[in-house]
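Notes for the structure review
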Amino acid sequence: MGAVGGVEDDAAVSCPVWCERDHDGVHYEDLVHHSRAHFVQGASGDWSDGAILARSLAFVMHLERPVGTTETWVNLAEEEGLWQVRLDVATASKLLVALRQVLNLL
Ligand SMILES: [Zn+2]
C-alpha cells in the first residue's frame, strides 16, 4: 500500500509489498501490516467416545507484522471460531515441511 503516516510520531512508514491494509486509524488493526487472506475449507476430527468425528471447518490465514517491527507472523485461525495461532515464519516453514512429509506417507 506504500508509505503511510500517523502511526509512528508522524514518520512515514513503508508497508511490506504484501500489505493490503490502510493505516488510517489508531485501532489495533490499523497498526498491523496485513496481507490478503487465504481461506481453506475442509474438515477436522474431534475425538469423542473412542471415535474421531469429522466436522466441517474453515480456516483463514494471512501474514501480519506490527508496524515498526521487522518480524512477520503467519496468523492461522478458524474463520468462525475462537481458535487462532500466530507462527513465526521459520516455524510456519517447518510446519509446511512436516505436513508434506506426513502427507507423503499416504
Ligand atoms: Zn501496511
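So, here is what we can say about the structure in this document. (Residues numbered from 1 in each chain as written. Predicted model: local features only at pLDDT ≥ 70, side-chain atom pairs only at ≥ 80, totals over all residues.)

**Structural notes on the overall build of the chain**
Secondary structure assignment for the chain yields one helix and seven strands. Shown N-terminal to C-terminal, the secondary structure of the chain runs as helices and strands in the order β-β-β-β-β-β-β-α. Here the chain, with 106 residues, has 5% of them falling under the buried criterion. Counting only contacts in the chain whose residues sit at least 6 apart along the sequence, the fraction spanning at least 24 positions is 23%. (Helix = DSSP H or I, 4+ residues; strand = E, 2+ residues; numbered from the N terminus. Buried ≥ 20, exposed ≤ 12 C-beta atoms within 10 Å, placed from the backbone. Contact = placed C-beta atoms within 7 Å.)

**Concerning the pairing of strand β6 (residues 73-78)**
Of the strand pairs in this sheet, strand β5 (residues 51-66) and β6 are connected by six bridges, and their pairing is antiparallel. Counterpart to His62 in the pairing with β6 is Asn75. Between β5 and β6, which follow one another and run antiparallel, lie six residues, and Gly68 among them has a positive phi close to 90 degrees. Looking at chain direction, β6 and strand β7 (residues 84-88) are connected through five bridges and run antiparallel. If you follow Trp73 over to β7, its bridge partner there is Asp88. Remark: five residues form the turn of the hairpin made by β6 and β7, two consecutive strands paired antiparallel. (Pairing = 2+ DSSP bridges.)

**Points about the pairing of β5**
Alignment of strand β3 (residues 32-34) against β5, held across three bridges, turns out to be antiparallel. Counted as the bridge partner of His33 is Arg65 from β5. Bridging between strand β4 (residues 38-48) and β5 involves eleven bridges; their strand directions are antiparallel. Residue pairing for β5: Gln41 is matched across the bridge by Ala58. In sequence, β4 turns back onto β5 through a hairpin of two residues, with Asp49 there showing a positive phi of about 50 degrees.

**Structural notes on helix α1 (residues 89-103)**
The end-to-end C-alpha distance of α1, which contains 15 residues, comes to 21 Å, matching closely the 21 Å that a straight helix rising 1.5 Å per residue would cover. Summarising burial for α1: zero of the 15 residues are buried, a small minority. (Expected span 1.5 Å × (residues − 1).)

**Quick notes on unusual backbone geometry**
Backbone geometry places Asp49, a non-glycine residue, at a positive phi of 50 degrees. In this structure Asp49 comes out as exposed when scored by C-beta crowding, with 5 C-beta atoms within 10 Å.

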